[in-house]
Amino acid sequence: MTIKASCHCRATTFEVSQAPLTVTQCTCSFCSKRGSLWAYYIPSQFKLTSPLKNVSFYRWGSKTVKHGFCATCGCGTFTETPDWSTGKPDFDNPKISVNSRLFDDFDLNQVEVVVIDGKNLW
């Protein structure tokens, strides 16, 4: 089941190959201010369907994580990150986190929201 997504102005569009089973609400300072609900994918499950020039990126702290946002309307779109499941960055297993609030024609109320305490974890 392909799910399409778009920012507010539709200049940045992407799709993922399947619906998420859960989405994550992170309480870190960046995610809290952004208001995203993250769904996680491997790169082969994600496809940017608009030109890359429509996306700007923000890197902070260690510069390890690449946070994408629409260069026109500013909506947070997706993040490119190494796998952090071991507590250390695994660059051989990158992940794509997508802002599931941007999914078109998808009912997020049907998906469990998992809260992680990013405010105190990092």
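Further up the page is the structure itself.
Since we're looking at a predicted model, the values are computed, not measured. (Residues numbered from 1 in each chain as written. Predicted model: local features only at pLDDT ≥ 70, side-chain atom pairs only at ≥ 80, totals over all residues. Heavy atoms only, no water.)

## Overview of the overall build of the chain
Rules: The way it works is that DSSP assigns letters per residue, a run of H or I at least four long becomes a helix, a run of E at least two long becomes a strand, and they are numbered from the N terminus. Note that the radius of gyration is over C-alpha atoms, with the globule rule given as 2.2 Å times the number of residues to the power 0.38. When a residue's accessible area, from a 1.4 Å probe over protein chains only, is under 20% of the maximum for its type it is buried; when over 50% it is exposed; and in between it is partly exposed. Residues are treated as being in contact if the distance between any of their heavy atoms lies within 4.5 Å. The method behind every accessible area is Shrake-Rupley, applied with a 1.4 Å probe, and residues are considered shielded solely by the protein chains displayed.
When you go through the chain residue by residue, the secondary structure sums to two helices and 10 strands. In the chain, the succession of α and β elements from N to C terminus is β-β-β-α-β-β-β-β-β-β-β-α. In terms of C-alpha radius of gyration, the chain reaches 14 Å, essentially the compact-globule figure of 14 Å for 122 residues. Buried positions account for 40% of the 122 residues belonging to the chain. Here the analysis covers contacts within the chain between residues at least 6 apart in sequence; of these, 54% occur between residues at least 24 apart. As presented, the chain carries roughly 7,300 Å² of accessible surface, and 52% of it is formed by carbon and sulfur atoms.

## Quick look at the packing of aromatic side chains
Where two aromatic rings form a pair, the distance of their centres and the angle of their planes describe that pair. The test is simple: We call Phe, Tyr and Trp rings a pair once their centres come within 6.5 Å, taking the six-membered ring for Trp, and we label the pair stacked below 30 degrees between planes, edge-to-face above 60, and tilted otherwise. Comment: the charge-over-ring label is applied if NZ (Lys) or CZ (Arg) is within 6 Å of the ring centre and within 35 degrees of the ring normal.
Evaluation of the coordinates by the stated rule reveals seven aromatic pairs. With a centroid separation of 5.5 Å and an interplanar angle of 40°, the aromatic rings of phenylalanine 14 and phenylalanine 46 are classed as tilted. Within this pair, whereas phenylalanine 14 is found in strand β2 (residues 13-16), its partner phenylalanine 46 is found in strand β5 (residues 46-48), the two being separated by 32 residues in sequence. For the pair phenylalanine 14 and phenylalanine 46, one class covers both residues: buried. By way of ring pairs, the aromatic residues Phe14, Phe46, Phe57 and Phe78 are connected into one cluster. For the cation-ring pair, lysine 66 lies above phenylalanine 57, with the distance from its terminal atom to the ring centre recorded as 4.4 Å.

## Considering the side chain of serine 50
Filter applied, for reference: Polar contacts, as counted here, are pairs of nitrogen or oxygen atoms within 3.5 Å of one another; within protein the pair requires one atom able to donate a hydrogen and one able to accept it, and residues that are adjacent in sequence qualify only if both atoms are side-chain atoms.
As for its position among the elements, serine 50 is in the loop between β5 and β6 (55-58). Note on serine 50: relative accessible area 11%, which makes it buried. Here the side chain of serine 50 touches threonine 13 through a polar contact of 3.0 Å, landing on its backbone nitrogen.

## Brief notes about the nonpolar core
Nonpolar side chains in soluble globular proteins tend to be buried together. Keep this limit in mind: Put simply, buried Ala, Val, Leu, Ile, Met, Phe, Trp, Tyr and Cys residues joined by side-chain atoms within 4.5 Å make one nonpolar core.
Of all hydrophobic cores here, the largest spans 17 residues; its most connected members are Phe14, Val16, Phe46, Val98 and Phe103. When contributions to this core are tallied by element, the ones reaching two or more residues are β1 (3-6), β2, β4 (38-41) and β9 (90-99). Among all residues touching phenylalanine 14, those that are not within four sequence positions of it are Ile3, Lys4, Ala5, Phe46, Lys47, Leu48, Thr49, Thr77, Val98, Asn99, Leu102 and Phe103. Judged by nonpolar contacts, the second largest core, of five residues, contains Cys26, Cys28, Phe30 and Cys31.

## Focus: the sheet that holds β2
The condition is simple: Two strands make a pair as long as DSSP finds a minimum of two bridges between them. Each axis is a line fitted through C-alpha atoms, taken for helices only over the stretch in contact, and angles between the N-to-C directions span 0 to 180 degrees.
Ordered by their spatial adjacency, three strands build an open sheet running β1-β2-β5, and the pairing between neighbours is antiparallel. What marks the edges here is a single partner per strand, and that holds for β1 and β5. Averaged over all neighbouring strand pairs, the angle between strand axes comes to 20°, with direction disregarded. Pairing of β1 with β2 involves four bridges; the strand directions are antiparallel. By the bridge assignment for β2, lysine 4 is matched with glutamate 15.

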